[in-house]
Number of protein chains: 2
Amino acid sequence: MKSLNISPEDLYSRAGLARAITWVESKREDHQQQARNLLADVMIRTGKARRIGITGVPGVGKSTFIDNFGSHLTSLGHKVAVLAVDPTSRRSGGSILGDKTRMDKLSVDPSAFIRPSPAGETLGGVARKTRETLLLCEAAGYDIILVETVGVGQSETVVADMVDVFLVLMLPNAGDELQGIKKGVLEVADIIAVNKSDIDEKAALRAARHYKNALHIMTPADPSWLPPVATISGETGSGLKALWKTIENHKIVTERSGSHDKKRSEQQLRWMNSLINDGLMHAFKQHPVVNAEMSSIIQKVADGEMPASLASDTLLKTFLQ
Amino acid sequence: MKSLNISPEDLYSRAGLARAITWVESKREDHQQQARNLLADVMIRTGKARRIGITGVPGVGKSTFIDNFGSHLTSLGHKVAVLAVDPTSRRSGGSILGDKTRMDKLSVDPSAFIRPSPAGETLGGVARKTRETLLLCEAAGYDIILVETVGVGQSETVVADMVDVFLVLMLPNAGDELQGIKKGVLEVADIIAVNKSDIDEKAALRAARHYKNALHIMTPADPSWLPPVATISGETGSGLKALWKTIENHKIVTERSGSHDKKRSEQQLRWMNSLINDGLMHAFKQHPVVNAEMSSIIQKVADGEMPASLASDTLLKTFLQ
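All values reported here derive from a predicted model rather than from experimental measurement.

Visitor: Lay out the overall build of chain A in plain terms, naming residues and giving numbers.
Guide: For chain A, the helix and strand inventory stands at twelve helices and seven strands. Seen through its principal axes, chain A has C-alpha atoms that stretch 65 × 50 × 40 Å. Taking the intrachain contacts of chain A between residues at least 6 apart in sequence as the baseline, contacts between residues at least 24 apart amount to 76%. About 13600 Å² of surface is accessible on chain A, with carbon and sulfur atoms providing 54% of the total. Charge separation in chain A, taken as the distance between the mean sites of 39 positive and 37 negative side-chain charges, equals 2 Å.

Visitor: So, the packing of helix H1 (residues 14-25) of chain A against helix H4 (residues 123-139) of chain A: which residues are in play, and what are the values?
Guide: All names here are of chain A. Between H1 and H4, whose axes approach to 9 Å, the crossing angle comes to 155°. Classed by the angle they form, the pair H1 and H4 counts as roughly antiparallel. Like other packed secondary-structure pairs, H1 and H4 cross with a definite hand, here right-handed. Contacts between H1 and H4 involve Leu 17, Ala 20, Ile 21, Val 24 and Glu 25 from the former and Arg 128, Lys 129, Glu 132, Thr 133, Leu 136 and Cys 137 from the latter. A breakdown of the residues in the contact of H1 with H4 according to their chemical character gives six nonpolar, one polar and four charged.

Visitor: Lay out the relation of the copies chain A and chain B with the relevant residues and their values.
Guide: Note on the copies: chain A fits chain B at an RMSD of 0.2 Å, the axial shift is 0.0 Å, and the rotation between them is 179°. Such a combination of turn and shift is consistent with a two-fold rotation axis. An overlap of 98% is found between the interface residues of chain A and their copies at the interface of chain B, pointing to a shared contact surface.

Visitor: How would you explain the interface of chain A and chain B if you had to name every residue and give the values?
Guide: At the junction of the two partners, chain A supplies 56 residues and chain B supplies 55 residues. In total, chain A and chain B occlude about 4800 Å² of area from one another, counting both sides; carbon and sulfur atoms represent 67% of this. Taken together, the connections running from chain A to chain B amount to two salt bridges. A:Asp313 is paired through a salt bridge with B:Arg36; the nearest N and O atoms lie 2.5 Å apart.

Visitor: Describe the pairing of strand S2 (residues 80-85) of chain A, and please don't skip the residues or the numbers.
Guide: Across a regular strand the side chains alternate sides, sitting on one face of the sheet and then on the other. Residues and elements named next belong to chain A. The buried count for S2 comes to six of six residues, which makes it a mostly enclosed element. What you see with S2 is no split at all: Val 80, Val 82 and Ala 84 on one side and Ala 81, Leu 83 and Val 85 on the other are buried throughout. Direction of pairing for S2 relative to strand S3 (residues 112-114): parallel, over a ladder of three bridges. Across the sheet, Val 82 pairs through a bridge with Ile 114, a residue of S3. By the bridge criterion, six bridges tie S2 to strand S4 (residues 144-149) in an arrangement that is parallel. Of the residues in S4, the one forming a bridge with Val 82 is Leu 146.

Visitor: Give a description of helix H11 (residues 288-302) of chain A that names residues and reports values.
Guide: Taking 1.5 Å per residue, 15 residues should reach 21 Å; H11(A) reaches 22 Å between its end C-alpha atoms and fits that length. Maximum bend of H11(A): about 40°, positioned at A:Met294. Within H11(A) the residues assigned to the buried category are A:Val290, A:Met294, A:Ile297, A:Val301 and A:Ala302. On its buried face, H11(A) sits against helix H10 (259-286) and helix H12 (308-320) of chain A together with helix H10 (259-286) of chain B. A:Gly304, located one to two residues past H11(A), shows a positive phi value of around 75°.

Visitor: Can you explain the sheet that holds strand S2 (residues 80-85) of chain B? Please cite residues and give values.
Guide: All names here are of chain B. Read across the open sheet, the seven strands follow the order S3-S2-S4-S1-S5-S6-S7; overall the sheet is parallel. At either margin of the open sheet sits one strand with a lone partner, and together these are strand S3 (112-114) and strand S7 (229-231). In this sheet, neighbouring strand axes are inclined to one another by 25° on average, regardless of whether the strands run parallel or antiparallel. Here strand S5 (residues 165-170) runs beside strand S6 (residues 191-194); their pairing, made up of four bridges, is parallel.

Visitor: Report on the packing of aromatic side chains, specifying residues and quantitative values.
Guide: Residues and elements named next belong to chain A. Counted under the stated rule, the structure contains eight aromatic pairs over all chains. A ring pair is formed by Phe 113 and Tyr 142, whose centres lie 5.9 Å apart and whose planes are at 45°; its orientation type is tilted. Of this pair, Phe 113 sits in strand S3 while Tyr 142 sits in the loop between H4 and S4; the two residues are 29 residues apart in sequence, bridging distant segments of the chain. No difference in accessibility class separates Phe 113 from Tyr 142, as the two residues are buried. Centroid distance Phe 284 to Phe 319: 5.5 Å. Interplanar angle 70°. Geometry classified as edge-to-face. Of this pair, Phe 284 sits in helix H10 while Phe 319 sits in helix H12, and the two are 35 residues apart along the sequence. When sorted by exposure, Phe 284 lands in the same class as Phe 319, which is buried. Put simply, the rings of Phe 65, Phe 69 and Trp 244 pair up and form one aromatic cluster.

Visitor: Describe the nonpolar core, and please don't skip the residues or the numbers.
Guide: If you look at the biggest cluster of nonpolar residues, it comprises 136 residues, and the most contacted ones within it are A:Phe284 and B:Phe284. Apart from the residues lying within four places of it in its own chain, the contact partners of A:Phe284 are A:Val290, A:Met294, A:Leu315, A:Leu316, A:Phe319, B:Ile276 and B:Leu280. Counting 28 residues, the second-largest nonpolar core is a separate cluster that includes B:Ile66, B:Phe69, B:Ile144 and B:Val253.

Visitor: Tell me about the pattern of salt bridges, and please be specific about residues and values.
Guide: Applying the stated criterion to the full structure yields 28 salt bridges over all chains. A salt bridge links A:Lys262 to A:Glu266; its shortest N-O distance comes to 3.5 Å. Of this pair, A:Lys262 and A:Glu266 both sit in helix H10, four residues apart, which is roughly one turn of that helix. Taking the shortest distance from any N to any O, the salt bridge between B:Arg36 and B:Glu132 comes out at 3.9 Å. Remark: B:Glu132 occurs in helix H4 (residues 123-139) and B:Arg36 occurs in helix H2 (residues 29-42); sequence separation between them is 96 residues. Its relative accessible area of 8% is what places B:Arg36 among the buried residues.

Visitor: Tell me about the environment of A:Ser257, and please be specific about residues and values.
Guide: Its location among the elements puts A:Ser257 in helix H9 (residues 240-257). Separated by 110 residues in sequence, A:Ser257 and A:Val147 have C-alpha atoms that sit 24 Å apart.

What counts, and at which threshold
- Residues numbered from 1 in each chain as written.
- Chains lettered and ligands numbered in written order.
- Predicted model: local features only at pLDDT ≥ 70, side-chain atom pairs only at ≥ 80, totals over all residues.
- Heavy atoms only, no water.
- Helix = DSSP H or I, 4+ residues; strand = E, 2+ residues; numbered from the N terminus.
- Contact = heavy atoms within 4.5 Å.
- Areas by Shrake-Rupley, 256 points an atom, 1.4 Å probe, with all protein chains shown as cover.
- Lys, Arg positive; Asp, Glu negative; His and termini not counted.
- Charge placed at Lys NZ, Arg CZ, Asp CG, Glu CD.
- Axes fitted to C-alpha atoms, helices over the stretch in contact; angles between N-to-C directions.
- Parallel < 35°, antiparallel > 145°, perpendicular 65-115°, else oblique.
- Left-handed = near helix turned anticlockwise from the far one by under 90°.
- Nonpolar A, V, L, I, M, F, W, Y, C, P; charged D, E, K, R; others polar.
- Least-squares fit on C-alpha atoms with pLDDT ≥ 70 in both.
- Buried area = accessible area lost by both parts, 1.4 Å probe.
- Salt bridge = Lys/Arg side-chain N within 4 Å of Asp/Glu carboxyl O.
- Buried < 20%, exposed > 50% of the residue type's maximum accessible area, 1.4 Å probe, protein only.
- Pairing = 2+ DSSP bridges.
- Expected span 1.5 Å × (residues − 1).
- Bend = angle between axes of the 7 residues up to and from the residue.
- Phe/Tyr/Trp six-rings, centres within 6.5 Å; stacked < 30°, edge-to-face > 60°.
- Core = buried A, V, L, I, M, F, W, Y, C linked by side-chain atoms within 4.5 Å.

As structure tokens, this is what we get:
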């Protein structure tokens, strides 16, 4: 693939944006370098979108919800980009957004841009690429970015750390569902929405009450915002307007309290630190002597035969000398 | 301070053990090196103790609990070491274990060894030193190690990652207390004990029920173990025998399921990785050019003017070239 140049202006076309994202997702060093240069050039155009994370167990109705919620947002005049963080996805299939036909309306909406999760990557790799894609979408003029995750491994935490507000979709059958809340999900939720309220409204309201109680036993991450619990139907569209108002209200409250800006700065710095950490660890593991000694040392440490402190000292001296 | 030699055999005396710990806690590079060499020599004698983490809010009665619980254990023939992870402690006062007189019985018990948290350190520093002290205590023949934490910042997570079983003490006045559960505490709890049941048994049982419900909405960390909720009184000793049985049962269950060994191996490797990470980051920040450029780059990233990816690339190239 020959590397054509992409100018900042090219991002305003869908084709230009899509091409820039292929640079971000490419394994080739020169493509990644070009992506970073482009990002640096358009940085001034980023940061203005509302970044919304969405998670929920398989079957909760994420695709239908995003299709109708996103369409509601474009009908209000917004430009909506939909990204995904799915470390299990393969381009060949299985990706949550791979099958765009699951979003009938949004996939043909000229004000929407849908991009599946980058394939064949570790969670860290997916996170990096999705963060850069998010910035490109902002530079391309999308003012609402929805980042979806299936919630495998630590993916919610990763998504929560790249968005302004994190929405957790729940099923109304509280009995079963309450058992299935993954560790940490309630703690990163800014808003909980019990979906499929059209099927059994009483059950949905009961579930909402359960989640409210569960949230009350935890100290909120942001003292200015106690996560509300909504009941919605992604299918019928019931509650979606109110949900958008709640998300807008979250923006007003957190901007006023200063936590919006603070969160973004902290996210950027954590991201930078994690990239530096990854880069240092990568160089460390590539070091020929470290590489040669690593596996036998790991075995001794895992078996409790060598103290971790001695192991790390030995390897660090080798690398840094 | 002249560095006298400490032989592995010296650890069997309280004075020898205490002196080895001062090496671990020393800021002097040669002391730390000697501590590591000693640790490597006695590694074969470590790993056999039951490592128990204990947390709870101030006022929950940790000192009284540990005094009576530890005395119960020594009366059963165990040798008990009590360590602490308190990143806020100063040797001059304020340390949770600094004031040994709060443990009347244990502080004069020949089968017990109490060591306050190392002072004037970051959480990472305290964690490293406590981990090494824990190993030294094991090598000295202590077969039960209690690691106490006040639960400041991330200290519970740090303690949970160095023990086999993590005990969370709670107050019986559920209404107030449920509000105060720190994020993440329920998730690292292997056993919850509602303390001070002697004051109001009904309230304690009510609180226990609340915590049971709260735990049920979360997936347990270890699928072989659903955290039980006990009611105890550290003051009167009520429930302490049953609590020890529960802890012993946790050992049997997790050893059988394999999660005990797996947890220990993972803890060792995470510790090694974190030491390597810290060492790499330390060397990185000490690099003269990185050091000179760092603060202006951090500012740009925090302000959203420079992409984190470009920032990290720039700094990494400087360091690694």
